Amino acid sequence: MNIELTVNGVRREFTIAPGETLLELLRRTGYKGVKKGCEAGDCGACAVLLDGRAVNSCLVLAAKVDGHTVITVEGLADDGTLAPLQEAFLDTGAVQCGYCTPGMLIAATDLLNRNPRPSEEEIKEGLSGNLCRCTGYVKQVEAVKLALTRMNGGNDA
Amino acid sequence: MSLPKVSEFVRPTDLAAALHELESVNARIVAGGIDVVLFPGDTTKLVDISGIPLSGINSDAEGIVIGATTTMTALIESPLIADYLGGVVTTMLHHLASPLQRNLATIGGTLISAHPWSDVIPLFLVLGARVSYYDGTEHTVPIAQFYAESMFRQRIILTAVRLPAFPPGTAAAFIKFSRTAFDIAVLNCAALVQITAGRCTAARIAVGGAPQRGYLLPHAGEVLTKSGALTAEIIASAARTARDEADISDDMRASAAYRRNLVEVGVQRALGQIKDKLEAGV
Ligand SMILES: Cc1cc2nc3c(=O)[nH]c(=O)nc-3n(C[C@H](O)[C@H](O)[C@H](O)COP(=O)(O)OP(=O)(O)OC[C@H]3O[C@@H](n4cnc5c(N)ncnc54)[C@H](O)[C@@H]3O)c2cc1C
Ligand code: FES
Ligand code: FES
């Protein structure tokens with residue numbers, strides 16, 4: 001069957017199998033920033049924004065999202081300029097092996113889009129569906145706070 | 001993993017058409033789709049109900065009506081739900097999975113999949129929610145009856161769940177014990193108490209993840225209604241009764257002995273919260 005999706009601002013047509021997941025579709029069509037981890041909704045590595053909200057793409061049937069809008073980690077930068085969250089993840093050392101990073105960035109983007117001044121608890125809840133085997137999670141929370149400070153015009157001392 | 005057995009995907013736009021699509025062998029409804037993807041079984045045909053107008057949160061004289069395809073996120077962000085009974089449903093939802101799953105999972109999919117770990121079921125049992133479903137005609141039944149009778153019938157479409165309005169003097173609480181903030185419950189527990197003229201006139205207590213699907217503990221509730229006032233001693237007595245009454249077993253997350261302790265602690269905490277809320281007048 002055929003579906004149409006807007007991926008990272010570009011409207012595209014895809015031929016899919018009726019039982020294909022969005023994760024499989026995105027990876028085979030070149031969006032390799034969408035990581036395949038557990039394929040069971042547990043790790044968050046496959047997160048994408050679906051109509052602006054972060055979801056596990058391994059749990060989404062591609063056929064179900066015909067006509068909808070998807071943003072992958074590849075779509076977060078603006079014409080080569082990293083988004084504030086991406087800069088902050090680099091600057092705080094929130095990236096080690098990097099496997100969890102795309103999913104973390106997507107989850108954090110959803111959080112900041114709907115809650116511009118989250119508390120530390122709210123940041124932790126926002127990232128609670130994203131597993132990281134390397135960092136111990138402290139740095140990602142710091143990175144979100146740093147991005148917030150910069151986005152709200154403060155300095156990052 | 002994609003679902004290799006699936007060969008057909010249809011999008012009916014009304015209930016009658018959806019029911020007709022479900023007549024095929026191995027046809028299955030897709031709402032959020034989480035369970036359909038994780039546990040596909042022999043499903044060969046998917047019936048997507050997101051094109052049927054079943055989503056939304058509204059209030060009427062009897063309470064709140066939640067459409068079946070409403071997501072957990074829509075509920076958590078709803079002011080109507082936040083204002084309902086001191087925000088107890090919102091509190092429960094913050095304990096349910098993470099935003100990544102809450103953005104997908106629907107209330108209808110959750111009630112039909114009826115997982116042992118469901119955080120929704122124990123709370124909706126104590127609230128006395130009512131479930132509306134369609135099998136050619138519309139029916140509305142209490143949630144306990146739905147699980148006892150209707151749910152295992154073939155070809156029903158859950159259309160809405162209704163949360164009743166309560167008089168002042170009613171409070172409810174939800175407690176979840178889990179190994180990490182994101183894990184499913186080792187045990188969860190919910191309680192509701194209604195006080196009229198200083199006396200406890202209604203009380204319901206439920207546990208879930210024990211490890212089977214949530215259920216009411218009528219004897220523990222009776223301790224409260226028979227004793228009248230909600231004192232610390234009566235709370236402790238109800239919690240001990242719940243401990244004895246609960247049907248508990250082992251699984252990989254916890255031993256039965258540990259779970260039994262949690263039942264007592266959980267019920268005690270839930271009733272303690274309710275007492276505080278009632279005294280504070282919320
Ligand atoms: C990693 C993870 C952690 C989770 N943790 C928790 C947790 O801690 N607590 C908790 O309570 N939940 C938790 N969940 C969510 C829960 O397990 C279910 O997966 C979810 O609620 C299913 O909702 P859905 O809308 O995606 O269902 P779907 O997969 O769309 O449907 C589920 C079932 O119901 C049927 N169905 C759906 N809608 C209807 C309808 N309207 N009428 C008739 N039949 C219907 C489908 O055919 C299917 O059989 C978790 C899920 C994941 C993936
Ligand atoms: S791959 Fe989707 S949550 Fe792990
Ligand atoms: S940086 Fe390696 S998994 Fe998170």
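Calculation rules
Residues numbered from 1 in each chain as written. Chains lettered and ligands numbered in written order. Predicted model: local features only at pLDDT ≥ 70, side-chain atom pairs only at ≥ 80, totals over all residues. Heavy atoms only, no water. Helix = DSSP H or I, 4+ residues; strand = E, 2+ residues; numbered from the N terminus. Rg over C-alpha atoms; globule rule 2.2 N^0.38 Å. Areas by Shrake-Rupley, 256 points an atom, 1.4 Å probe, with all protein chains shown as cover. Lys, Arg positive; Asp, Glu negative; His and termini not counted. Charge placed at Lys NZ, Arg CZ, Asp CG, Glu CD. Contact = heavy atoms within 4.5 Å. Buried area = accessible area lost by both parts, 1.4 Å probe. Salt bridge = Lys/Arg side-chain N within 4 Å of Asp/Glu carboxyl O. Polar contact = N/O pair within 3.5 Å; in protein donor to acceptor, adjacent residues only side chain to side chain. Domains from an automatic or database assignment. Nonpolar A, V, L, I, M, F, W, Y, C, P; charged D, E, K, R; others polar. Axes fitted to C-alpha atoms, helices over the stretch in contact; angles between N-to-C directions. Parallel < 35°, antiparallel > 145°, perpendicular 65-115°, else oblique. Left-handed = near helix turned anticlockwise from the far one by under 90°. Pairing = 2+ DSSP bridges.

**With respect to the overall build of chain A**
Then step 1. Looking only at helices and strands, chain A features 5 helices and 5 strands.
Then step 2. In chain A, the order of α-helices and β-strands from amino to carboxyl end is β-β-α-β-β-β-α-α-α-α.
Then step 3. Over its C-alpha trace chain A gives a radius of gyration of 16 Å, about what one expects of a compact globule, namely 15 Å for 157 residues.
Then step 4. Along the three orthogonal principal directions, the C-alpha set of chain A runs to about 55 × 30 × 25 Å.
Then step 5. Carbon and sulfur atoms provide 49% of the accessible area of chain A, an area that totals close to 6800 Å².
Then step 6. Taking the 16 positively charged and 20 negatively charged side chains of chain A as two groups, their mean positions are separated by 3 Å.

**Describing the interface of chain A and chain B**
Then step 1. At the interface, 32 residues of chain A touch 30 residues of chain B.
Then step 2. Buried area between chain A and chain B, both sides added, is near 2400 Å², and the carbon and sulfur share of it is 58%.
Then step 3. A per-residue breakdown of the area chain A buries against chain B is headed by Leu59(A), Lys64(A) and Glu125(A), which together make up 26% of the total.
Then step 4. Connecting chain A to chain B are 4 salt bridges.
Then step 5. Here chain A is connected to chain B by 11 residue pairs in polar contact (both at pLDDT 80 or more).
Then step 6. Going through the elements one at a time, β4 (53-56), α3 (101-114) and α4 (120-126) of chain A are the ones with two or more residues in the side of chain A that touches chain B.
Then step 7. If you tally residues by element for the side of chain A that touches chain B, the top one is β4(A), at 4 residues.

**Some thoughts on the domain arrangement of chain B**
Residues and elements named next belong to chain B.
Then step 1. Partitioning chain B into structural domains gives domain 1 (8-46), domain 2 (57-164) and domain 3 (170-280).
Then step 2. Taking the mean C-alpha position of each, domain 2 and domain 3 sit 20 Å from one another.
Then step 3. Taken together, the contacts link 23 residues of domain 2 with 26 residues of domain 3.
Then step 4. Around 1800 Å² of area is buried between domain 2 and domain 3 when both sides are counted, 67% of it from carbon and sulfur atoms.
Then step 5. Summed over the shared surface of domain 2 and domain 3, the result is 1 salt bridge.
Then step 6. The partner of Asp119 in a salt bridge is Lys176, with the nearest N and O atoms 3.1 Å apart.
Then step 7. For the interface between domain 2 and domain 3, the tally reads 6 residue pairs in polar contact (both at pLDDT 80 or more).
Then step 8. Counting only elements with at least two residues in the side of domain 2 that touches domain 3, the list comes to α5 (88-95) and α8 (120-127).
Then step 9. For the side of domain 2 that touches domain 3, the element with the highest residue contribution is α8, accounting for 6 residues.
Then step 10. Grouping the amino acids of the side of domain 2 that touches domain 3 by side-chain chemistry returns 16 nonpolar, 6 polar and 1 charged.

**Things to note about the domain arrangement of chain A**
Residues and elements named next belong to chain A.
Then step 1. When cut into domains, chain A gives domain 1 (2-74) and domain 2 (84-151).
Then step 2. Each of domain 1 and domain 2 was reduced to a C-alpha centroid, and the two centroids are 21 Å apart.
Then step 3. Taken together, the 17 residues of domain 1 in the interface contact 13 residues of domain 2.
Then step 4. Connecting domain 1 to domain 2 are 1 salt bridge.
Then step 5. Residue Arg53 is joined to Asp110 by a salt bridge in which the shortest nitrogen-to-oxygen separation is 3.1 Å.
Then step 6. Along the contact surface separating domain 1 from domain 2 lie 6 residue pairs in polar contact (both at pLDDT 80 or more).

**Re the packing of helix α2 (residues 84-92) of chain A against helix α5 (residues 138-151) of chain A**
A pair of packed helices is characterised by two quantities: the angle between their axes and the separation of those axes.
Residues and elements named next belong to chain A.
Then step 1. In contact at an axis separation of 8 Å, α2 and α5 are set at 130° when each is read in the N-to-C sense. Relative to α5, the element α2 is oriented oblique. Like other packed secondary-structure pairs, α2 and α5 cross with a definite hand, here right-handed. Judged by residue contacts, Pro84, Leu85, Glu87, Ala88, Phe89, Asp91 and Thr92 of α2 engage Lys139, Gln140, Glu142, Ala143, Val144, Leu146, Ala147, Arg150 and Met151 from α5.
Then step 2. Per-class residue counts for the contact of α2 with α5 are 9 nonpolar, 2 polar and 5 charged.

**Overview of the sheet that holds strand β10 (residues 187-196) of chain B**
Hydrogen bonding along the main chain pairs the strands of a sheet, whether they run parallel or antiparallel.
Residues and elements named next belong to chain B.
Then step 1. Within the open sheet, the 4 strands sit side by side as β9-β10-β11-β12. Their pairing is antiparallel. In this open sheet, the two edge strands, each paired with only one partner strand, are β9 (170-177) and β12 (215-216).
Then step 2. Summarising the sheet, strand β11 (residues 199-208) and β12 pair through 2 bridges and their orientation is antiparallel. Across the sheet, Val207 pairs through a bridge with Tyr215, a residue of β12.
Then step 3. On the sheet, helix α10 (residues 218-227) packs against β10, β11 and β12 and is oriented at approximately 160° with respect to β11.
Then step 4. Running at roughly 145° to β9, helix α12 (residues 256-280) makes contact with β9, β10 and β11 of the sheet.

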